[in-house]
Amino acid sequence: MNESTLAVLGGSPIISRPFAPFVSVGDEEAEAAAAVIRGGVLSAYIGARGEGFMGGPQVRALEAKAERYFGVRHAIAVNSWTSGLIAAVGALGIEPGDEVITTPWTMAATATAILHFNGIPVFCDIDPVTFNIDPAKVEALVTPRTRAIIAVDIFGQSADMRALRAIADRHGLKLVSDTAQAPGALYHGKPAGTLADIGGYSFNYHKHIHCGEGGILVTDDDRLAQRMRLLRNHAEAVIDAESPAELCNMLGFNFRMGEIEAAIAAIQLDKLQARVQSRQRAADRLRAGLQGLEGLGLPDVAEGNTHVYYVFGLTLDPLTIGVDRATLVEALRAEGVTGLGIGYQNLHLLPLFRHRIAYGTAGFPWTSPHTSRDVTYGAGLCPVAERLHHETFVSFSVCHAELGDDDVDLVVAAFRKVWAGRHLLGNRHRRAA
Ligand SMILES: Cc1ncc(COP(=O)(O)O)c(C=O)c1O
């Protein structure tokens, strides 16, 4: 046994110490939260018409700061980005049976937000390089019932918004941007999330900046902003309109962010730029170090984009590498590499969609008389996303840790060691891969 013996075969691991976890909240956040608590008002919302309908001073200060930061007319704080997505879909006036095109390569909330208004999610396959919705495949999915596209800036870089906007304009569709994973990313110089009719960000613990749970919507559209503010705060208690278009979807939600979370989120927003830069530094070093490893695909940054590396997405070509994905990942983990995940997501394969069981058990809303065609889901619908998930994709959330150059170099050394010794591994997991 020598130092090149793979750890999974009994050798010593390259990485024998844990990396420092990233702790982004410090004294400033603690002080801001304490000040709110000392003031005694932890949420100042009132569901009825009046001053308090828009939230307390911390919520409003956060929104004003986010409007300046992202350069938008309206920022609307919510208690999670899931709430934000639901408010966005509701504000668009989606009717039961309306179709919304989105990507399967995302977190379930992107698509379930559509279902909350009895809209029908239609999944479009993804680009094999950026993992974002593939605009070339969107248009074929547009039907007379299509009302909107929800793009997701997956893993930290924007979807191709120019192409999506062109399709949306051609067919009179609204465009929504789920930028949960990419705050701080740029698309042709503009903040990702601000290129759609409605966009927004998640502030949950795992994201670049967080306040525990929370999120924020952004839009330049005054009417949509007003509708989202209504949806956030028990719209039915205050909406005074009689026109069906304005009453549409005005259901009584409570999506209100508390004052403590807002105070913390405002401080976190100041830290976003530095956070993004430190992830980009680590990712660039990692990319340089992993360059040239046979059969390993590194994240590609599309022209006009910057990438903020929520996930450093890898692809493995098992035939070129000669070892199956699960065996390789097991060997990397044994060398002490953390943050590796096999595959990602295919929403159209979730039981909810495969069996079309959402509201009740009888297939509602897909089987409702409001729908105009039979939208079904299952294997084969999105072959690019499926192949990536089942065979070639490895998510690497390495940039979540606070990585120094030495840490990155250890990760690189672990990959290089595994690649050098991989021929001794066999294909132990071939079926599971
Ligand atoms: C792409 C995407 N959309 C939506 C969400 C939901 O955000 P939240 O957890 O703030 O509700 C997430 C969170 O993981 C996400 O990654």
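Here, residues in each chain are numbered from 1, in the same order as that chain's written sequence. At least 70 in pLDDT is required for a residue's local features to be given in this predicted model, at least 80 for side-chain atom pairs to be given and counted, and no such filter applies to totals for whole chains, interfaces and linings, which use all residues.

1. What to know about the site of the ligand
1) Next: The ligand sits among 14 residues. The nearest are Ser-80, Trp-81, Thr-82, Ala-180 and Ser-202.
2) Next: In this description a helix means any DSSP run of H or I spanning at least four residues, a strand means any run of E spanning at least two, and both kinds are numbered starting from the N terminus. Mapped onto the shell around the ligand, the elements with two or more residues apiece are helix 3 (81-91) and helix 4 (109-115). A residue counts as near a molecule or strand when its C-beta atom, positioned from the backbone, falls within 6 Å of it.

2. Remarks on the nonpolar core
1) Next: Here a nonpolar core is just a set of buried residues of the types Ala, Val, Leu, Ile, Met, Phe, Trp, Tyr and Cys, joined wherever their C-beta atoms sit within 7 Å. For every residue, the other C-beta atoms within 10 Å of its own C-beta are counted; 20 or more classify it as buried, 12 or fewer as exposed, and values in between as partly exposed. C-beta atoms are placed from the backbone. Core analysis: the largest hydrophobic core is formed by 129 residues, its most contacted members being Ala-88, Ile-149, Ala-151 and Leu-217.
2) Next: At 13 residues, helix 10 (residues 259-290) tops the list of elements feeding residues into this core.
3) Next: The contact partners of Ala-88, leaving out residues within four places of it in the chain, are Val-176, Ile-198, Leu-217 and Met-228. Working definition of a contact: two residues with C-beta atoms, positioned from the backbone, lying within 7 Å.

3. Observations concerning the sheet that holds strand 12 (residues 340-342)
1) Next: A sheet is described by the order of its strands in space; here 4 strands give the open sequence 10-11-13-12, paired in antiparallel fashion. The open sheet is flanked by strand 10 (296-297) and strand 12, the only strands paired with a single partner.
2) Next: Across 2 bridges, the pairing between strand 10 and strand 11 (residues 314-316) is antiparallel. Residue Leu-296 lies in a different strand from strand 11, and its bridge partner there is Leu-316.
3) Next: Sheet strands touched by helix 12 (residues 325-334): strand 11, strand 12 and strand 13 (393-396). Its angle to strand 12, the strand with the most contacts, is close to 165°. Strands are labelled as partners when DSSP assigns at least two bridges between them. Helix axes are fitted only over the stretch in contact, all axes being lines through C-alpha atoms; the angle between N-to-C directions runs from 0 to 180 degrees.

4. As for the packing of helix 2 (residues 57-70) against helix 10
1) Next: Where helix 2 meets helix 10, the axes come as close as 8 Å, and the angle between the chain directions of the two elements is 25°. One finds that helix 2 runs roughly parallel with respect to helix 10. Viewed along their axes, helix 2 and helix 10 form a crossing whose handedness is left-handed. Facing helix 2, whose interface residues are Gln-58, Val-59, Ala-61, Leu-62, Lys-65, Ala-66 and Tyr-69, helix 10 presents Glu-259, Ala-262, Ala-263, Ala-265, Ala-266 and Leu-269.
2) Next: Looking at side-chain class alone, the contact of helix 2 with helix 10 contains 10 nonpolar, 1 polar and 2 charged residues. Angles are sorted into four bins: roughly parallel if under 35 degrees, roughly antiparallel if over 145, roughly perpendicular if 65 to 115, and oblique for all others. By definition, any crossing whose near helix is turned counterclockwise from its far helix by less than a right angle is left-handed, and any crossing with a clockwise turn is right-handed. Note on residue categories: nonpolar means Ala, Val, Leu, Ile, Met, Phe, Trp, Tyr, Cys or Pro, charged means Asp, Glu, Lys or Arg, and polar means any other residue, Gly included.

5. Digging into the pairing of strand 8 (residues 198-202)
1) Next: For strand 8, the tally of buried residues reaches 5 of 5 residues, placing the bulk of the element in the interior.
2) Next: Both faces of strand 8 are covered, namely the face carrying Ile-198, Gly-200 and Ser-202 and the face carrying Gly-199 and Tyr-201.
3) Next: Looking at chain direction, strand 5 (residues 174-178) and strand 8 are connected through 3 bridges and run parallel. Counterpart to Val-176 in the pairing with strand 8 is Ile-198.
4) Next: Judged from the 4 bridges that link them, strand 8 and strand 9 (residues 215-219) form a sheet pairing that is antiparallel. The residue of strand 9 that forms the bridge with Ser-202 is Gly-215.

6. Description of the sheet that holds strand 9
1) Next: Strands sit in the order 1-9-8-5-4-2-3 across an open sheet of 7 strands; the sheet is mixed. Of all strands in the sheet, those bounded by a partner on one side alone are strand 1 (74-78) and strand 3 (120-123). Going across the sheet, the axis of each strand differs from the next one's by a mean of 20°, ignoring polarity.
2) Next: With 5 bridges joining them, strand 4 (residues 146-152) and strand 5 adopt parallel strand pairing. Looking at strand 5, one finds that Val-152 is bridged to Asp-178.
3) Next: Sitting on the sheet, helix 7 (residues 222-232) touches strand 1, strand 8 and strand 9, and the angle it makes with strand 1 is about 15°.

7. Remarks on the environment of Thr-320
1) Next: Mapped onto the elements, Thr-320 comes out in helix 11 (residues 318-321).
2) Next: Along the chain, Thr-320 and His-423 lie 103 residues apart, while their C-alpha atoms are 12 Å from each other.
3) Next: Apart from the residues lying within four places of it in its own chain, the contact partners of Thr-320 are Glu-294 and Gly-295.

In short, geometric facts, not functional conclusions.
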